[in-house]
Amino acid sequence: MKIIEKDQKAKITLKVNGEVHQVEVEPRRLLVHVLRELGYTGVHIGCDTSNCGACTVILNGRSVKSCTLLAVEADGSEILTVEGLSKDGKLHPIQEAFWDNHGLQCGYCTPGMIMEAYWLLKENPDPTEEEIREGISGNLCRCTGYQNIIKAIKDASLRLSQKAYPHQ
Ligand code: FES
Ligand code: FES
């Protein structure tokens, strides 16, 4: 077993949006800070008690709150952040649906909300309103009142079910 002392750094590898990063981190560093320091500043910090979901990313296929994971725990994992969703400047259908349905105002919750929607729609491609509300219940928004976010996610589920969006 490899032991890292508290004043030592661990070498870890993270694959973020397809790009491999090797970084040295103290064992106590949170993944959210390391992602932001690597330049993925769309990953936001909205609380310090794991409620808000502004830090949500997809880690090895599942949505996680990156503020509540140590970076060393994520060693070797594949991570998708909101920066990795568009392809060659073309928005992902979920991003387009948030735009078209006015599913954001200040935009601070939006990257986390979109990543949660991404995971939700992978798990359940045709969710009911109830299932959408439940699915994003770990993501707080102070601006929209959620209604347009629900509309956007429903709209995104329709867009994703059409062959017009073959890349996802
Ligand atoms: S920053 Fe609030 S849950 Fe992660
Ligand atoms: S758009 Fe401002 S917090 Fe959601």
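We now turn to the structure provided with this report. (Residues numbered from 1 in each chain as written. Chains lettered and ligands numbered in written order. Predicted model: local features only at pLDDT ≥ 70, side-chain atom pairs only at ≥ 80, totals over all residues. Heavy atoms only, no water.)

### Regarding the layout of surface pockets
Looking at the largest pocket, its volume works out to about 170 Å³. Taken together, Gly 46, Cys 52, Ala 54, Cys 106, Tyr 108, Cys 109, Leu 140, Cys 141, Arg 142 and Cys 143 make up the full set of residues lining the largest pocket. Taken together, the residues of the lining of the largest pocket break down into 8 nonpolar, 1 polar and 1 charged. (1 Å grid on protein atoms, 1.4 Å probe; cavity = no way out; pocket = protein on both sides within 12 Å on 5 of 7 lines; lining within 4 Å. Points joined across faces, edges and corners; volume = space filled by probe spheres on them. Nonpolar A, V, L, I, M, F, W, Y, C, P; charged D, E, K, R; others polar.)

### Comments concerning empty space enclosed by the protein
Counted according to the given criterion, the structure contains 1 cavity of 30 Å³ or more. Empty space within the largest cavity amounts to approximately 30 Å³. Forming the walls of the largest cavity are Gly 42, Val 43, His 44, Ala 54, Thr 56, Val 57, Thr 81, Val 82, Pro 111, Gly 112 and Met 115. Those elements that place two or more of their residues in the lining of the largest cavity are β3 (56-59) and α3 (110-123). Among the elements that take part in the lining of the largest cavity, α3 stands out by supplying 3 residues, more than any other. Classifying every residue of the lining of the largest cavity by side-chain character gives 6 nonpolar, 5 polar and no charged. (Helix = DSSP H or I, 4+ residues; strand = E, 2+ residues; numbered from the N terminus.)

### Comments concerning the packing of α3 against helix α5 (residues 147-161)
One can describe the packing of α3 onto α5 by two numbers: an axis separation of 11 Å at closest approach and a directional angle of 45°. In terms of axis orientation, α3 runs oblique to α5. For α3 against α5, the interelement crossing comes out right-handed. Contact residues: α3 offers Met 113, Ala 117, Leu 120 and Leu 121, while α5 offers Ile 149, Ile 153, Ala 156, Ser 157 and Leu 160. (Axes fitted to C-alpha atoms, helices over the stretch in contact; angles between N-to-C directions. Parallel < 35°, antiparallel > 145°, perpendicular 65-115°, else oblique. Left-handed = near helix turned anticlockwise from the far one by under 90°. Contact = heavy atoms within 4.5 Å.)

### Comments concerning the nonpolar core
Formed by 23 residues in total, the largest nonpolar core has its most connected members in Ile 94, Phe 98 and Ile 153. Going through the elements one at a time, α2 (93-100), α3 and α5 are the ones with two or more residues in this core. The element contributing the most residues to this core is α3, with 7 residues. Ile 12, Val 34, Leu 59 and Cys 67 belong to the second largest nonpolar core, which has 21 residues in total. (Core = buried A, V, L, I, M, F, W, Y, C linked by side-chain atoms within 4.5 Å. Buried < 20%, exposed > 50% of the residue type's maximum accessible area, 1.4 Å probe, protein only.)

### Topic: α5
Along its 15 residues, α5 runs 22 Å from first to last C-alpha, staying within 8% of the 21 Å computed at 1.5 Å per residue. When α5 is considered as a whole, its buried residues turn out to be Ile 149, Ile 150, Ala 152, Ile 153, Ala 156, Ser 157 and Arg 159. Against the buried residues of α5 lie α2, α3 and α4 (129-135). (Expected span 1.5 Å × (residues − 1).)

### Section: the environment of Glu 129
Looking at the element boundaries, Glu 129 is found in helix α4. Look at Glu 129 and you get partly exposed, because its relative accessible area is 41%. Considering only alpha carbons, one finds Glu 129 and Ile 150, 21 residues apart in sequence, at a separation of 6.8 Å.

### Some thoughts on the sheet that holds strand β4 (residues 62-65)
A sheet is described by the order of its strands in space; here 5 strands give the open sequence β2-β1-β5-β3-β4, paired in mixed fashion. Only two strands of the sheet have a single neighbouring strand rather than two, namely β2 (19-25) and β4. Strand-to-strand twist across the sheet, computed as the mean angle between neighbouring axes with direction ignored, equals 40°. Of the pairings in the sheet, the one linking β3 to β4 comprises 4 bridges and is antiparallel in character. Considered in β4, the bridge of Val 57 is made with Val 64. Across the face of the sheet, α3 comes into contact with β3, β4 and β5 (78-80) while running at roughly 40° to β3. (Pairing = 2+ DSSP bridges.)

### With respect to the pairing of β2
With 7 bridges connecting them, strand β1 (residues 10-16) and β2 associate as antiparallel partners. Paired with Ile 12 across the strands is Val 23, a residue of β2. Adjacent in sequence and paired antiparallel, β1 and β2 are bridged by 2 residues, among which Asn 17 carries a positive phi angle near 50°.

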